[in-house]
Amino acid sequence: MTGTNTAAHIADGEPARPTVTGRFAPSPSGRMHLGNVYAALMAWLSVRSQGGRMVLRIEDLDDRCRRGRWDALLIEDLEWLGLDWDEGPVYQSDRLDRYERAFEALRAQGLLYPCFCSRAELHAASAPHASDGTPIYAGTCRGLSAEDVARRRAERPGAWRLRVPSADDPRGDVAFTDRVYGPQHETLARDCGDFLVRRSDGVFAYQLAVCVDDAEMGVNEVVRGRDLLGSSARQMYLQDLLDLPHPAYAHVPLLVTADGRRLSKRERDCDLGELRARFGTPEALLGMVAHAAGIAPDARPRSAGDLVELFSWEAVRRHPANLVADGPR
Ligand code: GLU
């Protein structure tokens, strides 16, 4: 009984949390790339400049991210960069019972319904799309009767969607201020529609898992790529429904290639294997990233620790920085 965290917590009361807790939350679907380095650096700098605590959470719910494939390399790359953490790695695949509980709590509120729409139906040419590219759900399965559900379920397993308030119901209006992009506002019914909390293969959706985890890990500052800016309203809505606190949000610009395309895992020359070989030291790479991000006056090599005192959110550029062209070839 002794020595477990739980026992220590009970003996000493709740451990005092430092004011700021941030996180790295990578999905190990491939090697880290330059965009991940940028987001990870900013998350780390923000936390360390405030004397806060960092959590590493491996988001491995999706099959493409299965444990034992890319996670070890990802951890090694973070270590090489000198971006350390205080808690973790925590694997989402070890936490399914938590997501199940949150899922059941939403279901008990009568907010979930099964959806049997195929990918092709969802992506129909006429479907409007949310800012993150997911189709805005037309509500096709919203009103299925119990008999319809039973009949459809015999054909294929259903996914689960969360019913969002109608567009004229103020409960579906979500507003927040992003530290980089300023005031944001979404009307869920219009901007994303009823969204998935569990896929038809049983995998919990990112939106649900991230809310449960951030709250349970005490994360109160979320720093990530701009591609997830449009997810924040959904997450804040879920946090309200599950009675969880809202973290502060900072989304950082996406990086583009020399010819203006968004960086992705497909750009082999920007993965960390390639970058480590090209830059040679973490300082050379981080110095370049920090300069392009707007926080270092020049691209001189600098360690993560050197950058802490240069960091401020005011300095961070909003527009996409072209890091590739600036780096050594
Ligand atoms: N796992 C997500 C990704 O790698 C990030 C999730 C988040 O930061 O909320 O894109």
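Before any of the text, the structure's been laid out above.
Residues numbered from 1 in each chain as written. Predicted model: local features only at pLDDT ≥ 70, side-chain atom pairs only at ≥ 80, totals over all residues. Heavy atoms only, no water.

A. Main features of the packing of aromatic side chains. As enumerated under the stated definition, the model contains six aromatic pairs in all. Both rings, one in Phe176 and one in Tyr249, keep their centres 5.6 Å apart while their planes meet at 65°; by these two values the pair is edge-to-face. Taken together, the residues Phe176 in strand 6 (residues 173–178) and Tyr249 in strand 10 (residues 248–252) connect sequence positions 73 residues apart. The buried category is assigned to Phe176, whose relative accessible area is 12%. Between the aromatic rings of Phe311 and Trp313, the centroid separation amounts to 5.2 Å while the plane-to-plane angle is 80°, which identifies the pairing as edge-to-face. (Phe/Tyr/Trp six-rings, centres within 6.5 Å; stacked < 30°, edge-to-face > 60°. Helix = DSSP H or I, 4+ residues; strand = E, 2+ residues; numbered from the N terminus. Buried < 20%, exposed > 50% of the residue type's maximum accessible area, 1.4 Å probe, protein only.)

B. Region of the structure containing the pairing of strand 7 (residues 182–187). Pairing of strand 6 with strand 7, which is carried by six bridges, proceeds in the antiparallel orientation. Each bridged residue has a counterpart across the sheet, and for Ala175 the counterpart in strand 7 is His185. Between strand 6 and strand 7, which pair antiparallel and follow one another directly, the connecting turn spans three residues. (Pairing = 2+ DSSP bridges.)

C. Main features of the site of the ligand. Arg23, Ala25, Pro26, Ser27, Glu59, Tyr206, Val210, Arg224 and Leu228 make up every residue found near the ligand. Backbone polar atom of Ala25 to a nitrogen atom of the ligand: 2.7 Å apart, as the coordinates give it. Note that an oxygen atom of the ligand is positioned 2.7 Å from one of the side-chain N or O atoms of Tyr206. If the ligand stood free it would expose 300 Å²; the protein chains cover 79% of that surface. Its residues assigned to classes, the shell around the ligand shows five nonpolar, one polar and three charged. (Near = heavy atom within 4 Å. Polar contact = N/O pair within 3.5 Å; in protein donor to acceptor, adjacent residues only side chain to side chain. Areas by Shrake-Rupley, 256 points an atom, 1.4 Å probe, with all protein chains shown as cover. Nonpolar A, V, L, I, M, F, W, Y, C, P; charged D, E, K, R; others polar.)

D. Expanded view of helix 4 (residues 96–108). In a regular helix each residue adds 1.5 Å, so 13 residues correspond to 18 Å; helix 4 covers 18 Å between its end C-alpha atoms and thus fits that length. Those residues of helix 4 lying buried are Tyr99, Ala102, Phe103 and Leu106. Down the axis, helix 4 shows its buried residues gathered within 100° of arc, on one side only. Structural note: helix 4 exposes Arg101 and Ala108 on the side pointing more than 90 degrees away from its buried face. Here the buried face of helix 4 lies against strand 4 (112–115), strand 5 (159–162), strand 8 (195–198), helix 8 (206–216) and helix 9 (232–241). After helix 4 finishes, the residue Gly110 shows a positive phi value of roughly 75°. (Expected span 1.5 Å × (residues − 1). Arc of directions from axis to C-beta. Contact = heavy atoms within 4.5 Å.)

E. How the structure looks around the nonpolar core. In this structure, Met42, Leu162 and Leu285 are the most contacted members of the largest nonpolar core, which totals 87 residues. Excluding its chain neighbours within four sequence positions, the residues that come into contact with Met42 are Val223, Val252, Ala293, Ile295, Phe311, Trp313 and Val316. Phe116, Cys117, Cys141 and Val149 belong to the second-largest nonpolar core, a separate cluster that totals seven residues. (Core = buried A, V, L, I, M, F, W, Y, C linked by side-chain atoms within 4.5 Å.)

F. View of the pairing of strand 5. The alternating pattern of strand 5 places Ala159 and Arg161 on one face and Trp160 and Leu162 on the opposite face, and all of these are buried. Examined bridge by bridge, strand 4 and strand 5 share four bridges and lie antiparallel to one another. Directly across from Cys115, in strand 5, lies its bridge partner Ala159.

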